[in-house]
Amino acid sequence: MIFPQDKEEKESVKESDYLREASVIEKSEGHEVLVGAARMAKYLPLLTDKKVGLLVNQTSMVGETHLVDTLLSIGVDIQTIFAPEHGFRGDHSAGTHVEHGIDKKTGLKITSLYGKNRKPSAEMLKGLDIVIFDIQDVGVRFYTYISSMQYMMEACSENGVHFMVLDRPNPNGHYVDGPVLEPKYKSFIGMHEVPLVHGMTVGEFAKMIMGEGWVKPADNYSLTVIPCDHYNHTTM
């Protein structure tokens, strides 16, 4: 996929052109697994005229291009990037606090979710219409990305912000193993009463969070999951 790089080119290409091209790409890939982020025809219409926040890291790739760069190149109005453990660029060691700041490459505001705040405040979400989660997970409950996802889901529900998951395959999605977490041991490295290896993609996990009532949906809150294409739990 070719994206315009300068302002004049951006303004000369309509969003419908991208949707048409994205549809062709989806059809042309045969039976290769397509991650949710690559299925642009499914979610770009939902971003039209919206102010967008992204909970992403270095794994949030669309082909060879980062999702942030991809969306910026087609004029999506990204307001802020929410950084999980290890940071937006994956340059922080495990357990190291991530600071708020500005991303040097894009100039976008970085809002840390692995420092003083684990759950976004109302002020952090102010002005946003939608938050997108797109992070490659490995399907074990002690990875903090799913904890950050739940806290973001809670905050979005409380503040009337739509939440979207661009799903990715679970490399350990072909089996479930290990003990179920006991409630008394809940923490940020284990928030959910699920087996150690839970077998779900992050999109499926988000649906479980809602289905189990771990996040209480508000009237003006909704969850959208863009699933992978040509993926099932025996694929990988």
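Anyway, here's the lowdown on the structure attached to this text.

Rules and cut-offs
Residues numbered from 1 in each chain as written. Predicted model: local features only at pLDDT ≥ 70, side-chain atom pairs only at ≥ 80, totals over all residues. Heavy atoms only, no water. Patch = residues over 30% accessible without salt bridge, like charges linked within 9 Å, V, L, I, M, F, W, Y side chains within 5 Å. Areas by Shrake-Rupley, 256 points an atom, 1.4 Å probe, with all protein chains shown as cover. Salt bridge = Lys/Arg side-chain N within 4 Å of Asp/Glu carboxyl O. Helix = DSSP H or I, 4+ residues; strand = E, 2+ residues; numbered from the N terminus. Phe/Tyr/Trp six-rings, centres within 6.5 Å; stacked < 30°, edge-to-face > 60°. Buried < 20%, exposed > 50% of the residue type's maximum accessible area, 1.4 Å probe, protein only. Pairing = 2+ DSSP bridges. Contact = heavy atoms within 4.5 Å. Axes fitted to C-alpha atoms, helices over the stretch in contact; angles between N-to-C directions.

1. Let's talk about a nonpolar patch on the surface
Right, on to step 1. Together, Phe142, Tyr143 and Ile189 make up a nonpolar patch on the protein surface, roughly 290 Å² of accessible area in all.
Right, on to step 2. Relative to the assigned elements, Tyr143 resides in the loop between strand 7 (130-134) and helix 6 (145-159).

2. Things to note about the packing of aromatic side chains
Right, on to step 1. Applying the stated rule across the entire model yields four aromatic pairs.
Right, on to step 2. Residues Tyr114 and Phe188 carry aromatic rings whose centres are separated by 6.1 Å and whose planes lie at 40° to one another, so their mutual orientation is tilted. With Tyr114 in the loop between strand 6 (109-112) and helix 5 (122-125) and Phe188 in the loop between strand 9 (177-180) and strand 10 (195-197), this pair connects stretches of sequence that are 74 residues apart. Each member of the pair Tyr114 and Phe188 is classed as buried.
Right, on to step 3. Their ring planes at 10° and their centres at 5.9 Å tell us that Tyr151 and Phe188 sit as a pair that is stacked. Linking Tyr151 in helix 6 with Phe188 in the loop between strand 9 and strand 10, this pair joins segments that are 37 residues apart in sequence.
Right, on to step 4. Here the aromatic cluster, defined as three or more aromatic residues joined through ring pairs, consists of Tyr114, Tyr151 and Phe188.

3. Examining the sheet that holds strand 11 (residues 223-226)
Right, on to step 1. In space, the seven strands of this open sheet follow the order 5-6-4-1-7-8-11, with mixed pairing throughout. Unpaired on one side and paired on the other, strand 5 (101-102) and strand 11 mark the two borders of the sheet.
Right, on to step 2. Here strand 4 (residues 77-83) pairs with strand 6 via four bridges, running parallel. Among the inter-strand pairings, Thr80 is bridged to a residue of strand 6, identified as Lys109.
Right, on to step 3. Where helix 6 meets the sheet, it contacts strand 1 (51-56), strand 4, strand 7, strand 8 (162-166) and strand 11, and its direction lies at approximately 155° from that of strand 8.
Right, on to step 4. Here helix 7 (residues 202-211) sits on the sheet in contact with strand 7, strand 8 and strand 11, set at roughly 155° to strand 11.

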